[in-house]
Amino acid sequence: MTINHHISDALLMDYASGNLSEGWSLAVATHLALCPGCRRRLDAMEGAAGALFDKLIAREPVTGSDWEKMKARIACEPGAVTAVAEKPPVAAAPKPARSAGVIPEPLRSYLGGDVDTLKWRALGRGAYQIRIETGDPETQVRLLKIPAGRPVPEHTHEGRELTLVLSGSFRDGNDLFARGDLEEADGDLLHTPTATEDEDCICLAVTEAPLKFSSWIVRLIQPVLKI
Ligand SMILES: [Zn+2]
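Residues numbered from 1 in each chain as written. Predicted model: local features only at pLDDT ≥ 70, side-chain atom pairs only at ≥ 80, totals over all residues. Heavy atoms only, no water.

A. Expanded view of the pairing of strand β2 (residues 127-132). Relative to β2, strand β1 (residues 121-124) runs antiparallel, the two sharing three bridges. Bridge pairing in β2 links A122 to Y128. The hairpin turn running from β1 into β2, its antiparallel successor, is two residues long, and R125 in that turn takes a positive phi close to 50 degrees. Inspection of the sheet shows β2 paired to strand β3 (residues 139-146) by five bridges, in the antiparallel sense. Note on β3: the bridge partner recorded for I130 is L143. (Pairing = 2+ DSSP bridges. Helix = DSSP H or I, 4+ residues; strand = E, 2+ residues; numbered from the N terminus.)

See below:
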């Protein structure tokens with residue numbers, strides 16, 4: 001598995017400093033479970049933040065070069081780190097065996113099991129979802145299953161959206177997102193991610209609440225009604 005789309009520095013910094021609410025944290029933590037490169041970035045960030053904190057406690061002056069050093073440590077190319085960190089698989093897993101361990105922790109605990117035990121609710125046109133309950137009123141968290149070759153049902157939302165691919169893949173513009181890839185989008189981005197033709201795509205989608213659910217359904221049936 002090669003992950004090409006990682007957590008941005010700003011988002012990882014918010015996560016490290018405990019500034020993310022539960023929904024966003026769940027997406028970041030689940031990417032971290034799949035991505036050794038970002039786990040190293042997080043370690044470096046926490047180490048650098050700890051060193052700065054020690055200086056503040058010791059009342060030593062924090063200089064510009066301290067910040068430069070911190071930035072240098074966290075700005076390592078995540079892709080490059082991942083390439084070094086990941087070993088080639090010992091044996092290629094047979095395709096149907098993918099259901100073993102598709103959903104990593106901490107997401108698995110939220111869902112109460114892996115993909116083979118999930119109770120999907122149909123959204124129509126072959127798409128399914130599961131609403132994931134959190135104690136976070138800021139976000140809506142859902143697991144989506146998008147049929148191969150179909151667009152991800154578009155949801156109108158304000159603000160940030162995080163989409164983490166767990167199985168299959170989707171294209172958004174020129175970018176391909178596969179297992180482990182995290183897409184960060186904001187409300188300004190009008191996009192139509194589309195599952196690739198080879199298999200259904202399962203992804204975790206976190207959006208800012210409230211989700212305009214009716215628009216979502218309307219967009220889903222647009223191709224049928226040709227509107
Ligand atoms: Zn990563």
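B. Quick peek at the sheet that holds β3. What the six strands build is an open sheet, ordered β1-β2-β3-β9-β4-β7; its pairing is antiparallel. Because the sheet does not close on itself, it has two edges, and the strands there are β1 and β7 (182-185). Across the sheet, the axes of successive neighbouring strands diverge by a mean angle of 25 degrees, strand direction being ignored. Looking at chain direction, β3 and strand β9 (residues 201-208) are connected through eight bridges and run antiparallel. If you follow Q140 over to β9, its bridge partner there is T207. (Axes fitted to C-alpha atoms, helices over the stretch in contact; angles between N-to-C directions.)

C. Structural context of the packing of helix α2 (residues 22-34) against helix α3 (residues 36-57). Running from amino to carboxyl end, α2 crosses α3 at an angle of 115 degrees, the nearest separation of the two axes being 6 Å. Considering the angle they form, α2 stands roughly perpendicular to α3. Within the contact between the two elements, α2 uses H31, L32, A33 and L34 and α3 uses P36, C38, R39 and L42. (Parallel < 35°, antiparallel > 145°, perpendicular 65-115°, else oblique. Contact = heavy atoms within 4.5 Å.)

D. Representation of the coordination of the zinc ion. In this structure, H6 (ND1), H31 (NE2), C35 (SG) and C38 (SG) serve as the protein donors to the zinc ion, at separations of 2.1 to 2.3 Å. Seen from the zinc ion, its four donor atoms lie at angles of 97 to 125 degrees, and the figure they make is tetrahedral. Of note, the zinc ion draws all its donor residues from one chain, in the sequence arrangement H-x24-H-x3-C-x2-C. Considered together, C35 and C38 belong to a single accessibility category, that of buried residues. (Donors = N, O, S within 2.8 Å, 3.2 Å for Na, K, Ca; no water. Tetrahedral: all angles 85-135°; square planar, octahedral: opposite > 155°, others 65-115°. Buried < 20%, exposed > 50% of the residue type's maximum accessible area, 1.4 Å probe, protein only.)

E. View of the state of the cysteines. Counted by the stated rule, this structure contains zero disulfides. As a non-bridged cysteine, C203 has C201 as the owner of its nearest cysteine sulfur, 4.6 Å distant. (Disulfide = S-S within 2.5 Å.)

F. Representation of the nonpolar core within the structure. Judged by nonpolar contacts, the single largest core of 33 residues is most densely connected at I103, L107, L143, L166 and L204. Top contributing element to this core by residue count: α2, with six residues. Three or more residues apiece are contributed to this core by two domains, here domain 1 (9-85) and domain 2 (102-225). Non-local contacts of I103, meaning those with residues more than four positions away in its chain, are made with R108, L111, D114, V115, L118, L143 and L166. In this structure, L123, A127, L144 and C203 belong to the second largest nonpolar core, which totals twelve residues. (Core = buried A, V, L, I, M, F, W, Y, C linked by side-chain atoms within 4.5 Å. Domains from an automatic or database assignment.)

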